[in-house]
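# Structural overview for review
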Amino acid sequence: MPSIPMETPKTNGSIRDANSLFTTGETEELDFSKLNMKQTRSLNIDRQRSCDERSLTELTVSVSSPRPSFRNLDGTRTMDHLDSMRSSLNTPHSLSFLEPHPMVGEAWDALKRSLVFFRGQPVGTIAALDHTEEALNYNQVFVRDFFPSALAFLMNGEPEIVKNFLLKTLRLQSWEKKIDRFKLGEGVMPASFKVLQDPVRNYETLIADFGESAIGRVAPVDSGFWWIILLRAYTKSTGDSSLADMPECQKGMRLILSLCLSEGFDTFPTLLCADGCCMIDRRMGVYGYPIEIQALFFMSLRCALHLLKQDDEGKEFHERIVKRLHALSYHMRSYFWLDFQKLNVIYRYKTEEYSHTAVNKFNVIPDSLPDWLFDFMPTRGGYFIGNVSPAKMDFRWFCLGNCIAILSSLATPEQSAAIMDLIEERWEELVGEMPLKICYPAIEGHEWRIVTGCDPKNTRWSYHNGGTWPVLLWLLTAACIKTGRPQIARRAIELSEARLLRDGWPEYYDRKLGRYVGKQSRKFQTWSVAGYLVSRMMLEDPSHLGMVALEEDKQMRPLIKRSASF
């Protein structure tokens, strides 16, 4: 694998000092005054100005007493501006909203140990610290995996590592990569990178992986989306837009968007994706238009809309983004959404319908509906199904896609409430004894052999095939806060605290209730650690939600009339 020499950013070079400017964040803020926070301890959220006039990071949340900006683990007050990255890791925010738990200190210590340094600067966290087995690629910094770690650092007032990560991955994006003599599209973000040390020359380089070393050789589609969403989270957390305004960041966003907004033969506004291009990184039958990618695509488009400058190139992308958002929101809310009433309509579908008057637009055969679905679907609740394509609907529940749909406002307020209703109604199936099922249900038998290719790691109720992933806890918590149901998140956090530390921060759990540590689960998984910390800090201070949540765009509420060609 060729190495990619990296230079440390210079303030007077092509990469400017991102701290040289200070501006307020964008204005599409979430209105916390509208949140119905059903909890034991009431939250008094002081809304001093309208949402269009203030940042979410300014929101003050008072519990029983005023909360200082920083505290040590022992509760003593510490400095507002930390002297160094290493010392700051020992000073996480006080988690006074929840009862103190020894896991918090252990988690911060584990997160500190996972830091990766490049030429003296922290640039990310490795995937896992489990040294009991062969390292494989768990010793690399993954774009997707680092996201909850980045949120934890931002919430604790340590943005520098996030800034370094964003700049280093941006530099890696621009390099030409080939896989088996085939060139990847310009703008693809790497799945991961690692630091290569040359002890002879005392020199460090970064080596990126764009999928050429991955199992199945699948390039990631979601890395670019996570990068844009994290750039927006950094901007919201710090109030500093100078990083996003850099020409390099603006170009990086445009390259990612050019790949996704290109026109072709597809008649749908959703993004066509290969199987294994997202968190479900083994073959699991998600080829086509998986909900996870569509929700991330939608959220990244909305984030880019507020990060891109209104220059000549930016205006062109603004127009393309707005058009795509309208079409994508209509398509997802109309065809991916499933509740009891919609299921009954599909159950009575007629087939072989022609013209734009067709009700069964994708020619789905009602006999293809799986038996488990009728028992799983409650009369109260709904969700976005896994995939929709001609003559096929994947009715599986996927956690990440539905939570991102809530946070990005791809789901309407009514749909968001219905998703939370479903989680409450089907708690044993979707949460069980350890949060949180990555998908439901597991595929097994002959279907498992066909769909997974007899993948021994994706046996039923394990890994990506219905396994339980603690990292998803932060997404559930954020969705709970946005929909005004923090009690659900508290219950899930308590389940995690009962075992997560004792079990060594596993990557995933097995079986229907998530009772057993996964057969091949790596211990000391960094995003399991970070997901827990983010959940605790977000529930303790809901204003953190502003980093990862977007208010609904009222202009997308009216239904869009389809052309006669449909």
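An unreviewed UniProt entry annotates the protein as Alkaline/neutral invertase of Acorus calamus. Database annotation for the protein, UniProt heading Catalytic activity (unreviewed entry): "Hydrolysis of terminal non-reducing beta-D-fructofuranoside residues in beta-D-fructofuranosides." Listed under Function (unreviewed entry) in UniProt, the entry text for the protein is "Invertase that cleaves sucrose into glucose and fructose."

Another point: the sheet that holds strand 11 (residues 382-389). Hydrogen bonding along the main chain pairs the strands of a sheet, whether they run parallel or antiparallel. In space, the 4 strands of this open sheet follow the order 10-11-12-13, with antiparallel pairing throughout. The open sheet has two free edges, formed respectively by strand 10 (337-339) and strand 13 (439-440), since each of these has just one partner strand. Pairing geometry for strand 11 and strand 12 (residues 392-398), over 4 bridges, is antiparallel. Within the sheet, the bridge partner assigned to Val-388 lies in strand 12 and is Met-393. Seen against the sheet, helix 12 (residues 399-408) touches strand 11 and strand 12 and runs at an angle of roughly 80° to strand 12. The sheet strands contacting helix 13 (residues 413-425) are strand 10, strand 11 and strand 12, and the helix crosses strand 11 at an angle near 100°.

On to the pattern of salt bridges. When their charged atoms lie close together, side chains carrying opposite charge are able to pair. By the definition in use, this model includes 16 salt bridges. Residues joined by salt bridges that share partners form a network here, namely Arg-380, Asp-421, Glu-424, Glu-425 and Arg-485.

Moving on, we get to helix 5 (residues 222-238). Taking 1.5 Å of rise per residue, 17 residues should cover 24 Å, and helix 5 covers 24 Å from first to last C-alpha, within 8% of that figure. Downstream of helix 5 by one or two residues, Gly-239 has phi in the positive range, about 70°.

Turning to the pairing of strand 3 (residues 115-118), a few remarks are in order. Sheet topology places strand 3 next to strand 4 (residues 121-125); 4 bridges connect them, and they run antiparallel. Each bridged residue has a counterpart across the sheet, and for Val-116 the counterpart in strand 4 is Gly-124. Hairpin connection, strand 3 to strand 4: the antiparallel pair is bridged by 2 residues, and Arg-119 has positive phi, about 55°.

Sheet analysis places strand 5 (residues 141-142) next to strand 8 (residues 192-198), joined by 2 bridges and oriented antiparallel. Across the sheet, residue Phe-142 finds its bridge partner in strand 8, namely Ser-192. Taken together, the 7 bridges between strand 8 and strand 9 (residues 203-209) define a ladder with antiparallel strand orientation. Within strand 9, the position partnered with Leu-196 by the bridge is Thr-205. The loop that links strand 8 with its antiparallel partner strand 9 comprises 4 residues; one of these, Asn-202, has a positive phi angle of about 55°.

The next subject is the layout of surface pockets. There is about 1,100 Å³ of room inside the largest pocket. Mapped by element, the contributors of at least two residues to the lining of the largest pocket are helix 5, helix 7 (247-261) and helix 9 (312-336). Ranked by residue count, the leading element in the lining of the largest pocket is helix 9, at 5 residues. A per-class count over the lining of the largest pocket returns 26 nonpolar, 7 polar and 9 charged. When its volume is computed, the second largest pocket comes out at roughly 700 Å³. Lining the second largest pocket are 34 residues; nearest its centre among them are Asn-137, Phe-142, Ile-215, Asp-281 and Tyr-463. The class makeup of the residues in the lining of the second largest pocket is 16 nonpolar, 9 polar and 9 charged.

Cut-offs and rules
Residues numbered from 1 in each chain as written. Predicted model: local features only at pLDDT ≥ 70, side-chain atom pairs only at ≥ 80, totals over all residues. Heavy atoms only, no water. UniProt positions renumbered as here; feature names shortened; annotations may be inferred. Pairing = 2+ DSSP bridges. Helix = DSSP H or I, 4+ residues; strand = E, 2+ residues; numbered from the N terminus. Contact = heavy atoms within 4.5 Å. Axes fitted to C-alpha atoms, helices over the stretch in contact; angles between N-to-C directions. Salt bridge = Lys/Arg side-chain N within 4 Å of Asp/Glu carboxyl O. Expected span 1.5 Å × (residues − 1). 1 Å grid on protein atoms, 1.4 Å probe; cavity = no way out; pocket = protein on both sides within 12 Å on 5 of 7 lines; lining within 4 Å. Points joined across faces, edges and corners; volume = space filled by probe spheres on them. Nonpolar A, V, L, I, M, F, W, Y, C, P; charged D, E, K, R; others polar.

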